[in-house]
2 protein chains.
Amino acid sequence: MTTTAELDTITRTASLVAPMVAATTDIERALWLEAIADALDARVGELVALADEESSLGVPRLTGEVARTTAQLRLFASVVREGSYLDATIDHADPAATPPTPDLRRMMRPIGPVAVFSASNFPFAFSVAGGDTASALAVGCPVIVKAHPAHPRLSRLTAEIVTEALRRVDAPDGTFALVEGVEAGSALVTSPVVEAVGFTGSLHGGRALFDLAVARPKPIPFYGELGSLNPVLVTPSAVSAELAAGLAASFTLGVGQFCTKPGIVFVPEASGFDRLLAEAVGAPRPATMLSPSLATAFADGLALLQARATTLVGAEQEPGSGTPVVLATTVADILASPDDLLVECFGPTTLLVRYGSVDEALDAIALIGGSLTAALHATDDDDIAGLAESLARISGRVLFGGWPTGVAVTWAQQHGGPWPSTTSPGHTSVGAAAVRRWIRPVAYQAAPSAVLPLALRDDNPLGVPQRVDGVLRLG
Amino acid sequence: MTTTAELDTITRTASLVAPMVAATTDIERALWLEAIADALDARVGELVALADEESSLGVPRLTGEVARTTAQLRLFASVVREGSYLDATIDHADPAATPPTPDLRRMMRPIGPVAVFSASNFPFAFSVAGGDTASALAVGCPVIVKAHPAHPRLSRLTAEIVTEALRRVDAPDGTFALVEGVEAGSALVTSPVVEAVGFTGSLHGGRALFDLAVARPKPIPFYGELGSLNPVLVTPSAVSAELAAGLAASFTLGVGQFCTKPGIVFVPEASGFDRLLAEAVGAPRPATMLSPSLATAFADGLALLQARATTLVGAEQEPGSGTPVVLATTVADILASPDDLLVECFGPTTLLVRYGSVDEALDAIALIGGSLTAALHATDDDDIAGLAESLARISGRVLFGGWPTGVAVTWAQQHGGPWPSTTSPGHTSVGAAAVRRWIRPVAYQAAPSAVLPLALRDDNPLGVPQRVDGVLRLG
């Protein structure tokens with residue numbers, strides 16, 4: 001565990017180094033990210049073996065996750081090279097205006113040292129060198145990662161590789177650091193040096209840290225991705241055995257340990273979907289979960305739901321493992337007990353909700369509040385415009401067909417949504433726009449050209465997109 | 001005062017109407033804003049007379065403020081017509097990728113009903129039809145304004161004009177509402193219907209409302225513009241009588257009742273600036289402040305500062321008025337008692353801080369934490385790059401020459417900064433980017449074209465800027 005003295009040194013160093021990191025160019029930092037990606041790729045075998053020992057997620061999935069993580073680092077490198085994220089905006093002085101307006105130039109600057117809390121379920125993509133770290137380094141913020149206790153050795157190895165890669169490309173010492181332990185985590189959130197926090201984890205843990213961040217004498221932005229139900233709406237015409245098979249694969253993928261797991265599925269009553277899903281799940285088999293405490297939490301959460309809902313496919317849970325369970329209830333029961341039934345149960349389970357009419361299902365979906373995703377399974381004969389709008393109202397990503405468990409890392413991805421899925425509905429933790437969490441605007445009024453950041457100069461030496469006197473220009 | 005029953009009706013209506021408001025087009029809402037602007041301009045005489053009765057700010061200033069307010073409404077109309085704010089991003093499916101990526105399209109959508117808290121010091125520009133209201137309506141959010149008690153009749157008249165203008169251009173009933181009273185204000189912040197809050201006012205009042213917003217079962221974004229010291233750094237070579245005259249005019253403008261008032265000015269010791277400023281201020285004369293309680297707070301704040309600092313130009317304060325006061329201290333005293341001396345005193349006063357070296361002044365400026373603005377007065381002989389960087393670290397707008405009290409409403413304006421100047425350093429409450437506070441991203445995965453918002457279609461019928469497969473394209 002990181003001691004108080006060690007943490008003091010780490011935060012003091014981050015504070016001292018922040019102006020140097022902020023002063024680096026986008027091109028330099030793109031090279032940092034690519035160096036980290038190359039270094040991780042070069043040691044993929046060793047990393048995956050250690051990750052499998054600690055997470056039981058299996059070599060194929062973990063190998064894919066390393067690739068996703070290094071692709072993510074390279075995406076953020078391309079995002080800062082492209083330069084739109086700077087929002088470079090130039091308004092020339094207008095002495096003829098009433099009152100006359102001065103020369104004003106605005107762009108995004110790094111917010112300062114960022115604390116990142118790793119998640120257990122993605123030991124690469126949402127951990128030490130994951131999306132939060134990559135996006136914060138990309139824009140020029142020092143990063144202090146709080147390791148997840150479910151994979152301590154992997155966290156340390158990853159941190160060593162990141163530190164070494166950064167050193168090789170001359171990033172300032174102290175640009176990146178790792179801390180361990182619950183107390184170090186809380187101390188990070190309340191440290192006067194830390195300017196923003198990224199978090200992926202449970203509603204309970206995330207809310208506790210959020211409360212710390214906003215109660216500080218100087219509150220700071222807390223970008224938390226918490227829990228998500230990810231409702232799926234199946235119209236009567238879309239019911240099929242293939243759909244049931246898709247759902248079975250999605251809710252059991254990675255032992256159900258995805259924040260985008262389809263946790264609640266609205267199906268027409270008397271449509272036979274129950275039976276199709278039971279057949280698709282087959283004989284449930286236990287699989288090791290990420291940690292014994294997660295397995296216990298899964299069993300406990302299941303027990304609460306099973307007291308309220310029918311068990312369609314069930315099994316005794318074994319210590320340390322999760323075994324698939326399918327539950328069923330009705331819209332009437334959801335409307336009667338939303339607080340008991342609309343709760344995330346992290347692990348391989350999903351709740352089927354039988355509806356009489358689609359409108360009735362939408363009433364229940366509206367009660368979910370906020371979710372990372374919402375999926376619609378319909379056919380060409382369905383009129384889906386209104387349904388799509390209802391699903392967009394409670395989520396950050398609306399899927400038409402398909403399953404939410406895949407999260408592509410691209411420019412248009414949105415991984416975030418209204419509370420409780422995130423603390424900050426205006427942001428994303430995956431995709432190019434994730435950098436927006438770690439920047440703040442600064443305007444320069446009547447500045448001599450030599451003092452201006454390059455992105456704000458009239459001759460645009462970096463070739464970034466600029467808005468000049470209200471008109472957007474490509475770089 | 002708005003009763004609980006009235007507030008219930010208002011919030012319930014805002015909730016019901018929100019989907020309808022969100023479904024309007026940018027072009028429609030641009031017309032709403034222009035209709036409001038035209039309606040205010042048409043009644044400028046009546047509005048200004050009432051505002052002067054309630055605020056004592058004088059006819060010329062208030063007439064200018066109406067023009068600024070209607071120009072602001074028209075700027076936001078042009079911002080949503082232009083469409084960059086939507087961040088329209090299209091990633092076509094890539095079946096050849098590992099794993100294959102789906103078609104993903106992301107854009108900004110309105111966040112839902114917004115509560116706006118008016119300020120007393122700008123009865124037009126930061127009040128009922130001010131920047132928060134205009135920017136939230138612009139992007140499709142219903143707005144509920146909490147009137148400022150310092151100008152109740154003007155608030156009601158403005159609300160009538162806004163409501164009538166919106167009705168004339170067929171905005172849904174309930175798109176806009178006004179409430180009055182402290183209790184109604186708190187109830188708005190905790191209402192489950194309200195999705196975000198805009199606030200301009202004191203650190204004390206803003207923090208109390210911020211604490212309510214983040215303590216909700218479902219926390220919501222709170223965009224507060226609180227207090228600001230707006231430091232000014234004068235280099236030895238820049239000292240002049242003209243500069244002193246500029247400062248005297250700026251800190252007394254509008255009886256010092258600006259959030260951008262230069263409240264602390266770092267000047268070289270033994271430079272004679274004290275005397276130049278005293279001459280420029282001349283014989284101080286009282287002027288009526290916005291409210292008796294503000295005048296009392298000014299006198300109380302002054303007394304606290306005067307216990308710690310020297311009074312260079314002073315006067316007995318009269319009830320209801322503010323009379324200019326110039327205080328002086330040293331960097332050593334600031335470093336010894338930052339909590340006593342680095343406090344905003346809203347009214348016509350400024351604190352001169354004598355420094356031995358510029359580096360010493362920067363040490364004291366770093367203790368300010370966050371400010372809306374920071375201004376540098378230097379000459380061509382000064383090496384200012386490092387100074388500019390230090391000032392950018394603690395502020396949202398860095399001025400090179402000039403005074404911070406003028407805030408141009410343009411695309412590149414930034415009115416916001418690190419705590420305590422705002423609760424949200426990543427945002428602005430003035431300028432085109434102010435719309436960003438009221439939107440959240442939604443991604444559509446594999447959506448049929450007919451279901452997509454127009455801004456996300458391949459044929460781009462609205463002609464908005466789109467990023468397609470990573471490449472930004474003009475509309």
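A. Quick peek at the overall build of chain A. Helix and strand counts for chain A come out as 15 helices and 19 strands. Its C-alpha radius of gyration of 24 Å places chain A within 12% of the 23 Å reference for a compact globule of 475 residues. Taken along the three principal axes of its C-alpha coordinates, chain A extends 75 × 55 × 40 Å. Here chain A holds 475 residues, and the buried ones make up 59% of them. Sequence separation of at least 24 residues holds for 74% of the intrachain contacts in chain A that already meet a minimum separation of 6.

B. The arrangement of the interface of chain A and chain B in detail. Chain A puts 58 residues into the contact, and the matching count from chain B is 57 residues. Of all the elements, strand S17 (residues 439-445) of chain A adds the most residues to the side of chain A that touches chain B, at 7 residues.

C. Spotlight on the packing of helix H3 (residues 44-55) of chain B against helix H6 (residues 152-168) of chain B. Residues and elements named next belong to chain B. Packing of H3 against H6 brings their axes to within 8 Å, and their N-to-C directions diverge by 155 degrees. The angle between H3 and H6 places the two elements in the roughly antiparallel class. The hand of the H3/H6 crossing is left-handed. Note on element contacts: H6 touches H3 through Arg-153, Leu-154, Leu-157 and Thr-158, opposite Leu-47, Leu-50, Ala-51 and Glu-54. The residue inventory of the contact of H3 with H6, partitioned by class, reads 5 nonpolar, 1 polar and 2 charged.

D. Helix H7 (residues 182-190) of chain B, seen in detail. Looking only at H7 of chain B, the buried set comprises Ala-184, Gly-185, Ala-187, Leu-188 and Val-189 of chain B. The secondary structure elements touched by the buried residues of H7 of chain B are helix H1 (4-22), strand S3 (114-117), strand S4 (143-146), strand S5 (176-179), strand S6 (196-200) and helix H8 (203-215) of chain B.

E. Local environment of the relation of the copies chain A and chain B. For these two chains of identical sequence, chain A goes onto chain B by a turn of 180 degrees and a shift of 0.0 Å along the axis, with RMSD 0.0 Å. The transformation relating the two chain copies, once decomposed into turn and shift, fits a two-fold axis. Both copies present the same face, since 98% of the interface residues in chain A are matched by interface residues at the equivalent positions in chain B.

F. Region of interest: unusual backbone geometry. For the bond running from Thr-98 of chain A to Pro-99 of chain A, omega is -15 degrees, close enough to zero to count as cis. Residue placement: Pro-99 of chain A occurs in the loop between strand S1 (89-91) and strand S2 (104-110). Residue Pro-420 of chain B follows Trp-419 of chain B across a cis peptide bond; omega there is 10 degrees. With respect to the secondary-structure elements, Pro-420 of chain B resides in the loop between strand S16 (395-400) and strand S17 (439-445). The phi dihedral of Val-255 of chain A falls on the positive side, at around 55 degrees, and the residue is not glycine.

G. Quick peek at the environment of Gly-45 of chain A. Residues and elements named next belong to chain A. Inspection of the secondary structure puts Gly-45 in helix H3 (residues 44-55). Exposure remark for Gly-45: the 11 C-beta atoms within 10 Å place this residue in the exposed category. Spatially, the C-alpha atoms of Gly-45 and Thr-63 are 8.0 Å apart, while their sequence positions differ by 18 residues.

H. Up close: the sheet that holds S3 of chain B. Residue and element names in this part refer to chain B. Pairing is parallel across the open sheet formed by 5 strands, whose spatial order is S5-S4-S3-S6-S7. Strand pairing shows two members of the sheet lacking a second neighbour, S5 and strand S7 (222-225), which therefore form its edges. Each adjacent strand pair in this sheet contributes to an overall mean axis angle of 15 degrees, direction not counted. The pairing of S3 with S6 spans 4 bridges and is classified as parallel.

I. Structural detail: the packing of helix H4 (residues 59-82) of chain B against helix H5 (residues 131-138) of chain B. All names here are of chain B. Two numbers describe how H4 lies on H5: the axes approach to 9 Å, and their chain directions differ by 25 degrees. With respect to H5, the element H4 is oriented roughly parallel. The crossing of H4 and H5 is right-handed. Counting all contacts with H4, which are made through Gln-72, Leu-73, Phe-76, Ala-77, Val-79 and Val-80, the residues of H5 involved are Gly-131, Ala-134, Ser-135 and Ala-138. Residue composition of the contact of H4 with H5, by class: 7 nonpolar, 3 polar and no charged.

J. How the structure looks around the domain arrangement of chain A. Residue and element names in this part refer to chain A. Once the domains are mapped, chain A shows domain 1 (4-226 + 425-473) and domain 2 (231-400). Computed from C-alpha atoms alone, the centre-to-centre distance between domain 1 and domain 2 is 34 Å. Along the lines of polarity and charge, the residues of the side of domain 1 that touches domain 2 split into 2 nonpolar, 4 polar and 2 charged.

K. Structural context of helix H9 (residues 241-252) of chain A. All names here are of chain A. If you check H9, its first and last C-alpha atoms are 17 Å apart, about what 12 residues at 1.5 Å a residue would give, namely 16 Å. Within H9, the full set of buried residues consists of Leu-243, Ala-244, Leu-247, Ala-248, Ser-250, Phe-251 and Thr-252. Contacts from the buried residues of H9 go to strand S8 (231-234), strand S9 (264-268), helix H10 (273-281), strand S14 (349-355) and strand S15 (371-377). Downstream of H9 by a residue or two, Gly-254 has a phi angle that is positive, lying close to 60 degrees.

L. Region of interest: the sheet that holds strand S7 (residues 222-225) of chain A. Residues and elements named next belong to chain A. Taking strand neighbours across the sheet as the criterion, the 5 strands line up as S5-S4-S3-S6-S7 in an open arrangement whose pairing is parallel. At either end of the open sheet lies a strand with only one pairing partner, and these are strand S5 (176-179) and S7. In this sheet, adjacent strand axes meet at a mean angle of 15 degrees when their direction is disregarded. Packing against the sheet, helix H8 (residues 203-215) makes contact with strand S6 (196-200) and S7, and its axis sits at approximately 175 degrees to S7.

M. Highlighting the environment of Val-451 of chain B. Among the secondary structure elements, Val-451 of chain B is positioned in the loop between S17 and strand S18 (466-468). Along the backbone, Val-451 of chain B and Val-66 of chain B are 385 residues apart, and their C-alpha atoms lie at a distance of 41 Å. If we ignore the near neighbours within four places in the chain, the residues touching Val-451 of chain B are Ile-384, Ala-385 and Ala-388 of chain A.

N. Broad picture of the pairing of S5 of chain A. Residues and elements named next belong to chain A. Judged by which residues are buried, S5 turns out to be covered on both faces: Phe-176 and Leu-178 on one side and Ala-177 and Val-179 on the other are all buried. Where strand S4 (residues 143-146) and S5 come together, 4 bridges link them in parallel fashion. Paired with Lys-146 across the strands is Val-179, a residue of S5. Of the crossover connections in this fold, the one passing from S4 over helix H6 (residues 152-168) to the parallel S5 is right-handed.

O. Inspection of the environment of Ala-30 of chain B at higher detail. Residues and elements named next belong to chain B. By secondary structure assignment, the location of Ala-30 is in helix H2 (residues 26-42). You can call Ala-30 buried: it has 20 C-beta atoms within 10 Å. In this structure, Ala-30 is in contact with Ala-77, Val-80 and Arg-81, ignoring residues within four places of it in sequence.

P. The arrangement of the confidence of the model for chain A in detail. In this model, chain A carries a mean pLDDT of 97, and residues with pLDDT of at least 70 account for 100%. Scored as a complex, the prediction yields pTM 0.97 and ipTM 0.97.

Basis of the calculations
Residues numbered from 1 in each chain as written. Chains lettered and ligands numbered in written order. Predicted model: local features only at pLDDT ≥ 70, side-chain atom pairs only at ≥ 80, totals over all residues. Helix = DSSP H or I, 4+ residues; strand = E, 2+ residues; numbered from the N terminus. Rg over C-alpha atoms; globule rule 2.2 N^0.38 Å. Buried ≥ 20, exposed ≤ 12 C-beta atoms within 10 Å, placed from the backbone. Contact = placed C-beta atoms within 7 Å. Axes fitted to C-alpha atoms, helices over the stretch in contact; angles between N-to-C directions. Parallel < 35°, antiparallel > 145°, perpendicular 65-115°, else oblique. Left-handed = near helix turned anticlockwise from the far one by under 90°. Nonpolar A, V, L, I, M, F, W, Y, C, P; charged D, E, K, R; others polar. Least-squares fit on C-alpha atoms with pLDDT ≥ 70 in both. Pairing = 2+ DSSP bridges. Domains from an automatic or database assignment. Expected span 1.5 Å × (residues − 1). Right-handed = clockwise from strand over helix to strand, strands pointing away. pLDDT = per-residue confidence, 0-100.

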